[in-house]
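Structural features, examined
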Number of protein chains: 2
Amino acid sequence: MTRTSAPDIRVAVSTVIFSLRPGAESRDASIVLPLVRRTREPHEGRWALPGGWVDADENLEATASRTLAETTGLAPSYLEQLYAFGDVDRSPTRVVSIVYWALVREDLSRTAEQHNVEWFDATDLPPLAFDHNHIVDYALWRLRNKVGYSRIAHGFLPEDFTLADLREVYEAILGRRLDPANFRRQVESSGTLIPTDRFRTGSHRPARLYRYNQDVELADRGPLPQ
Amino acid sequence: MTRTSAPDIRVAVSTVIFSLRPGAESRDASIVLPLVRRTREPHEGRWALPGGWVDADENLEATASRTLAETTGLAPSYLEQLYAFGDVDRSPTRVVSIVYWALVREDLSRTAEQHNVEWFDATDLPPLAFDHNHIVDYALWRLRNKVGYSRIAHGFLPEDFTLADLREVYEAILGRRLDPANFRRQVESSGTLIPTDRFRTGSHRPARLYRYNQDVELADRGPLPQ
């Protein structure tokens, strides 16, 4: 209470950016995230979450956006503060990392081709730098929780999508198959989707395209500045 | 990305500690919190959340517990990280505050009598130091959200309580009256309460005492260290 100065603790921001890798013949869809290979100690050569130091004249969320763009070229459709990780032993020097999590639409995530950046399956990661495995696990847990009571899944999808597209997102997040008929009933009764009069045609029978009702917030973040 | 040093940003921890002030003849129960009167600039004389600087060898949650004990003498029954507030202009110098929120049982909150500490109605605060009004608003929002999907209300109650005690907590959090019969049905069907064979007697007819089923977590905090 009577301390008037603070010890030397540095503040960084890291971001967990989830996107969707759609399924193919031989595999289910999965949640993926971009990692950056570290080019200096500590943990040189290991993969780490994108991030960097907070500038003196920069708000935390601005640091998240800036470092994301610098390291991966990505601009997420959803960005929310996840947690502040600050354990004494998480780094050789004392660093408090304010971690954000973000969603990037699958079609936009493909535009990012940067040096030293690769996309990994979020549930099958190598040992990462610092406590970043733990951070990703926590972000996945938050994503799974949030999908139950918000329209957060929309952050993965383009403006128009089919019910099968949406179900694939839910299946990838939850890590299990969902019954198509039940899923359709639940989604249609939720009031969060608006059917369009357009259809996707292709190798399968035509599927109606939907869009999200924009009157429903992606996720209620309360009285925080948006 | 290429910055190797961090600018001068200091890290503090503050805590929003909610407790319950039971209703009386003339007023409803309300959510209250302790504030500390600042004895130095900036904002000297204003009320502020309890808190302090993070020590170099101290984890964030340990700072929350320590500064809480130092400033208010309180040891909360529930402590969870709320949010990191770090806007550039929130303080004359750059301070990132990791804010925790805590619940203190009503019977334990009365033991805390400290110099320069007073309890305030959370929904009727004077202008506080820094952005602390905004922080309290956000903590109240989180509390209201959380009461819907966890047994967080238990954090306000002693081990044994009546259904009327529990309903009073919900009413204070939600800021509205609940129908006693509906409330009893919902709580009894939730499986989170265990009836005891004891009753509270007094001026009213005897009321059965309940306790919470300890198999149900107070709130699911996911893969974070507990």
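A brief look at the structure comes next. Counting restarts for each chain, with residues numbered from 1 along the sequence as it is written. To read the labels, note that chains go from A and ligands from 1, taken in the order they are written. Per-residue local features of the predicted model are confined to residues with pLDDT of at least 70, and side-chain atom pairs are confined, for both listing and counting, to 80 or more; whole-chain, interface and lining totals are unaffected and use all residues. As a rule here, side-chain values cover all heavy atoms of the structure and leave hydrogens and water aside.

From N to C terminus, chain A includes 5 helices and 9 strands. Put simply, chain A runs from its N terminus to its C terminus through helices and strands in the order β-β-β-β-α-β-β-α-β-α-α-α-β-β. Think of it in three bands: with a 1.4 Å probe and only protein chains considered, a residue is buried below 20% of the maximum accessible area for its type, exposed above 50%, and partly exposed in between. Every one of the 226 residues in chain A was classed for burial, and the buried ones make up 50%. A contact between two residues is defined here by any heavy atoms of the two lying within 4.5 Å. The long-range share in chain A, meaning contacts at least 24 apart out of those at least 6 apart in sequence, stands at 63%. A run of DSSP states H or I qualifies as a helix once it reaches four residues; a run of E qualifies as a strand once it reaches two. Both are numbered from the N-terminal end.

All names here are of chain B. To get an axis, a line is fitted to the C-alpha atoms, and for a helix only the part in contact is used. The angle between two axes follows their N-to-C directions and goes from 0 to 180 degrees. Closest axis-to-axis distance for the helix H4 (residues 163-174)/helix H5 (residues 180-190) pair is 11 Å, and the angle between their directions is 100°. By the criterion of interaxial angle, the relationship of H4 to H5 is roughly perpendicular. Contacts between H4 and H5 involve Leu-163, Leu-166, Arg-167 and Tyr-170 on the former and, on the latter, Pro-180, Phe-183, Arg-184, Val-187 and Glu-188. For classification, angles of less than 35 degrees are called roughly parallel, those exceeding 145 degrees roughly antiparallel, those between 65 and 115 degrees roughly perpendicular, and all remaining angles oblique.

All names here are of chain A. Criterion for a salt bridge: a side-chain nitrogen of Lys or Arg within 4 Å of a carboxyl oxygen of Asp or Glu. This model, assessed by the stated rule, comprises 24 salt bridges over all chains. Here Asp-28 ties to Arg-177 by a salt bridge, and the two come within 2.6 Å at their closest N and O atoms. Within this pair, whereas Asp-28 is found in the loop between strand S1 (10-21) and strand S2 (30-37), its partner Arg-177 is found in the loop between helix H4 (163-174) and helix H5 (180-190), the two being separated by 149 residues in sequence. According to the relative accessible area criterion, Asp-28 is partly exposed, its value standing at 47%. If you follow the salt bridges from partner to partner, you end up with Glu-159, Asp-160, Arg-198 and Arg-211 in one network.

We now examine unusual backbone geometry. Among all residues except glycine, the phi angle is most often negative; among peptide bonds, the trans geometry is most common. Following Glu-41 of chain A, the chain continues into Pro-42 of chain A via a peptide bond in cis, with omega recorded as -5°. One non-glycine residue, His-43 of chain A, adopts positive backbone phi at about 65°. Taking relative accessible area as the criterion, His-43 of chain A reaches 29% and is therefore assigned partly exposed. Here Phe-130 of chain B, not a glycine, exhibits a phi torsion of approximately 50°, which is positive. Classification of Phe-130 of chain B as partly exposed rests on a relative accessible area of 23%.

Time to look at the side chain of Thr-72 of chain B. Residue and element names in this part refer to chain B. Along the chain, Thr-72 falls in helix H1 (residues 60-72). Classification of Thr-72 as buried rests on a relative accessible area of 1%. In this structure the side chain of Thr-72 is engaged in a polar contact, spanning 2.7 Å, whose partner is the backbone oxygen of Leu-68. Two N or O atoms count as a polar contact when they lie within 3.5 Å, although within protein this holds only if one can serve as hydrogen donor and the other as acceptor, and sequence-adjacent residues are included solely when both atoms are side-chain atoms. From its side chain, Thr-72 meets the backbone nitrogen of Leu-74 in a polar contact 3.2 Å long.

What follows covers the environment of Leu-143 of chain A. Residue and element names in this part refer to chain A. Relative to the assigned elements, Leu-143 resides in helix H3 (residues 132-149). Residues Leu-143 and Trp-101 lie 42 residues apart in sequence; the distance between their C-alpha atoms is 9.1 Å. The residues contacting Leu-143, other than those within four sequence positions of it, are Phe-18, Ile-31, Trp-101, Leu-103, Ile-152, Phe-156 and Ile-173.

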